[in-house]
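# Chains, contacts and geometry: an overview
The residues making up each chain are set out below.
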Amino acid sequence: MSGVRGASTVAFVFIFLGLCVTAEGQTPSPAPPPCALRSNSSCDECLQNVACLWCEPSKLCIDYPVGKILPPKSLCPLNDARWGVCWVNFQILIITMSVLAGLILIGILVCCLCCCKCERIGNKREDAKAERQTRMRKARQKERRTEMQMRHDEIRQKYGLAKNNPYARMDDH
């Protein structure tokens, strides 16, 4: 019980500290200058603002089109658009993210299949163990039954009740 209480206390402290840190970080900051003012400058200067998109051939710094996931080709072609860092264009970013997402999905699928396979192997082991125990139990039961039958036969023989013919009537005795 004390371990659960200690873990919940630690979790509470981390959540509380996280809220305090985020509350301090919410002081209003001055709005960054619009992206259009950074046109005809460098890519690094444009991308200091996260809301900006740099178009390489035209040297334009454009507001990122938030309504769309990818910037339209009319605004800037994907292989010329830069966002976040200057050395990665959107086309390479999309391909890389797709490959990484695919690898992650394949990894999760392989892990799930391995876990299911290991679980099935464990069940086979448990089933084999249970069957061995059942066979041993039946063998012991058969031994006890034969021992009991032998004792009964000895008692019958001792008192002259032994039956040579199991189908004979008991009236003879």
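Report follows, based on the coordinates. Since the structure is predicted, the reported quantities are computational estimates derived from the model, not experimental observations.

Basis of the calculations
Residues numbered from 1 in each chain as written. Predicted model: local features only at pLDDT ≥ 70, side-chain atom pairs only at ≥ 80, totals over all residues. Heavy atoms only, no water. Helix = DSSP H or I, 4+ residues; strand = E, 2+ residues; numbered from the N terminus. Buried < 20%, exposed > 50% of the residue type's maximum accessible area, 1.4 Å probe, protein only. Lys, Arg positive; Asp, Glu negative; His and termini not counted. Salt bridge = Lys/Arg side-chain N within 4 Å of Asp/Glu carboxyl O. Contact = heavy atoms within 4.5 Å. Phe/Tyr/Trp six-rings, centres within 6.5 Å; stacked < 30°, edge-to-face > 60°. Pairing = 2+ DSSP bridges. Axes fitted to C-alpha atoms, helices over the stretch in contact; angles between N-to-C directions. Disulfide = S-S within 2.5 Å.

## Description of the side chain of R82
Topologically, R82 is positioned in strand β3 (residues 81–83). Nearest to the buried, unbridged R82 among oppositely charged side chains is E56, at 4.2 Å. In this structure R82 touches C43, L47, L53, W54, E56, V88 and N89, once residues within four positions along its chain are discounted.

## Structural notes on the packing of aromatic side chains
Note on aromatic pairs: each is described by the distance of the centres and the angle between the planes. Inspection of every chain in the model, using the stated rule, returns two aromatic pairs. When the ring of Y64 is compared with that of W83, the centres are 5.7 Å apart and the planes differ by 40°; the resulting orientation is tilted. Residue Y64 is found in the loop between β2 (60–63) and β3, and its partner W83 is found in strand β3; the two are separated by 19 residues along the sequence. Ring geometry for Y64 and F90: centres 6.1 Å apart, planes at 25°, overall stacked. In this pair, Y64 is assigned in the loop between β2 and β3 and F90 in helix α3 (residues 90–158), connecting sequence segments 26 residues apart. Like Y64, the residue F90 is buried in the burial classification.

## Quick look at the environment of S39
Along the chain, S39 falls in the loop between α1 (2–24) and α2 (43–46). For the pair S39 and S58, spaced 19 residues apart in sequence, the C-alpha separation works out to 9.1 Å.

## Some details on the pairing of strand β4 (residues 85–89)
In the sheet, β3 pairs with β4 via two bridges, with the strands oriented antiparallel. Bridge pairing in β4 links R82 to N89. The loop that links β3 with its antiparallel partner β4 comprises one residue; one of these, G84, has a positive phi angle of about 90°.

## Let's talk about the sheet that holds β4
Pairing in this open sheet of four strands is antiparallel, and the strands run β2-β1-β3-β4 from one edge to the other. At either end of the open sheet lies a strand with only one pairing partner, and these are β2 and β4. The mean angle between the axes of side-by-side strands here comes to 40°, regardless of whether they run parallel or antiparallel.

## So, the state of the cysteines
If you walk through the whole model with that rule in mind, you get four disulfides. Disulfide partner of C43: C86, at an S-S distance of 2.1 Å. Taking the sign of the S-S torsion, -110° for the link of C43 and C86, the bridge is left-handed. Within this pair, whereas C43 is found in helix α2, its partner C86 is found in strand β4, the two being separated by 43 residues in sequence. Two residues, C46 and C61, share a disulfide whose sulfurs are 2.0 Å apart. Around the S-S axis, the bridge from C46 to C61 shows a dihedral of about 80° and counts as right-handed. Here C46, found in helix α2, pairs with C61, found in strand β2; they are 15 residues apart in sequence, far enough to count as distant. For the pair formed by C46 and C61, the shared burial category is buried.

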